[in-house]
Amino acid sequence: MIQIGTVLRSGGGMTEVAFCSDSDCEKCGACAGGKKKNTLWVRGEAQPGDIVRVEIPDGTAVKASLLAYVMPLAALLGGMAIGLILMPGKEMPAALLGLALMGVAFAVLAVTEKKRKNAPEWNPVLKEILTAPGAKTEGEKQHEL
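Every value quoted in this text rests on a predicted model; they were computed, and no experiment measured them.

Trainee: Would you take a moment to explain the pairing of strand S2 (residues 14-20) for this structure?
Mentor: The side chains of a regular strand alternate between the sheet's two faces. Among the 7 residues of S2, 5 are classified as buried, and the element is accordingly described as predominantly covered. Judged from the 5 bridges that link them, strand S1 (residues 2-11) and S2 form a sheet pairing that is antiparallel. Pairing of Ser-10 across the sheet is with Thr-15, part of S2. Between the end of S1 and the start of S2, which pair antiparallel, lie 2 residues, with Gly-12 showing a positive phi angle near 65°.

Here it is as structure tokens:
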């Protein structure tokens, strides 16, 4: 997936980029200028104010959602089901087992987060600087003529 955004700040090989969600903004209008902005840290260097093209690896959002939401929920429900099978009619121990397994799922995610954070297939990358601050676009150059 490719997104266009504006650089907010940069340093240490990482750049914070703001993206505007135009389709969402048409309905909301809650923030200044009617634009909802989301920010993201990406690998690469650019200057504040640059307009940049950022590439987010395909499927990353789906994989991240599955890990963050489905895995802990599956652990909770699985633990509760196992608890009810092992101890029929005792809901409290089953619920506690479900919570314990959900905690294990969160712990596994936390331990493996460093590996995902350093893996290129999980991280967005700054691919191109489209315009720099003060640079004139083609339309502005034509207007001057």
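Trainee: I keep staring at the layout of surface pockets and nothing clicks. Help me out?
Mentor: Rolled over the atoms, a probe with the dimensions of a water molecule shows which regions are left empty. Approximately 250 Å³ is the volume attributed to the largest pocket. The wall of the largest pocket is formed by 14 residues, among which Phe-19, Thr-39, Leu-40, Ile-56 and Pro-124 lie closest to the centre. Counting residues per element, the ones that place at least two in the lining of the largest pocket are S2, strand S3 (37-43) and helix H2 (60-86). Per-element tally for the lining of the largest pocket: the top contributor is S3, with 4 residues. Among the residues forming the lining of the largest pocket, the class breakdown is 8 nonpolar, 6 polar and no charged. Of the voids in this model, the second largest pocket is the one considered here, and its volume is about 220 Å³. Lining the second largest pocket we find Thr-60, Ala-64, Leu-67, Ala-68, Leu-109, Glu-113, Arg-116, Lys-117, Trp-122 and Asn-123.

Trainee: Help me understand the pairing of strand S4 (residues 51-55) in this model?
Mentor: A one-sided burial pattern is seen for S4, the buried positions being Val-52 and Val-54 and the unburied ones Ile-51, Arg-53 and Glu-55. Looking at chain direction, S1 and S4 are connected through 5 bridges and run antiparallel. Its bridge partner lying in S4, Gly-5 is registered against Val-52. Where S4 and strand S5 (residues 125-131) come together, 5 bridges link them in antiparallel fashion. From the neighbouring strand, Arg-53 faces S5, where its bridge partner is Glu-128.

Trainee: Sorry if this is basic, but what is going on with helix H3 (residues 91-118) here?
Mentor: Side chains that are three or four residues apart share a direction in an α-helix, a result of its 3.6 residues per turn. The terminal C-alpha atoms of H3, which comprises 28 residues, lie 41 Å apart, in line with the 40 Å expected from a rise of 1.5 Å per residue. By the largest-angle criterion, Thr-112 marks the main kink of H3, which is about 40°. Where H3 is concerned, the buried positions are Ala-94, Gly-98, Ala-105, Leu-109 and Arg-116. Looking at the buried side of H3, the elements it contacts are H2.

Trainee: So what exactly am I meant to see when it comes to the environment of Arg-43 here?
Mentor: Here Arg-43 lies in strand S3. Through-space distance from the C-alpha of Arg-43 to that of Val-125 is 5.0 Å; in sequence the pair is 82 residues apart. In contact with Arg-43, not counting residues within four places along its chain, are Gly-13, Met-14, Lys-117, Asn-118, Asn-123, Pro-124, Val-125 and Leu-126.

Trainee: Would you explain the packing of H2 against H3 in this entry?
Mentor: The description of two helices packed together rests on the angle between their axes and the distance between the axes. Where H2 contacts H3, the two axes come as close as 7 Å, and the packing angle between them is 150°. Classified by the angle their axes make, H2 and H3 are roughly antiparallel. Between H2 and H3 lies a crossing of right-handed hand. For the contact of H2 with H3, the per-class residue count stands at 19 nonpolar, 3 polar and 2 charged.

Trainee: Hey, could you run me through the side chain of Glu-16 in this one?
Mentor: Locating Glu-16 in the fold gives a position in strand S2. Within the structure, the side chain of Glu-16 is placed 2.5 Å from the side chain of Arg-9, a separation counted as a polar contact. When sequence neighbours within four positions are dropped, the list of residues in contact with Glu-16 reads Thr-6, Val-7, Leu-8, Arg-9, Thr-39, Leu-40 and Trp-41.

Thresholds applied
- Residues numbered from 1 in each chain as written.
- Predicted model: local features only at pLDDT ≥ 70, side-chain atom pairs only at ≥ 80, totals over all residues.
- Heavy atoms only, no water.
- Buried < 20%, exposed > 50% of the residue type's maximum accessible area, 1.4 Å probe, protein only.
- Helix = DSSP H or I, 4+ residues; strand = E, 2+ residues; numbered from the N terminus.
- Pairing = 2+ DSSP bridges.
- 1 Å grid on protein atoms, 1.4 Å probe; cavity = no way out; pocket = protein on both sides within 12 Å on 5 of 7 lines; lining within 4 Å.
- Points joined across faces, edges and corners; volume = space filled by probe spheres on them.
- Nonpolar A, V, L, I, M, F, W, Y, C, P; charged D, E, K, R; others polar.
- Expected span 1.5 Å × (residues − 1).
- Bend = angle between axes of the 7 residues up to and from the residue.
- Contact = heavy atoms within 4.5 Å.
- Axes fitted to C-alpha atoms, helices over the stretch in contact; angles between N-to-C directions.
- Parallel < 35°, antiparallel > 145°, perpendicular 65-115°, else oblique.
- Left-handed = near helix turned anticlockwise from the far one by under 90°.
- Polar contact = N/O pair within 3.5 Å; in protein donor to acceptor, adjacent residues only side chain to side chain.

Any link to function would need more than the numbers given here.
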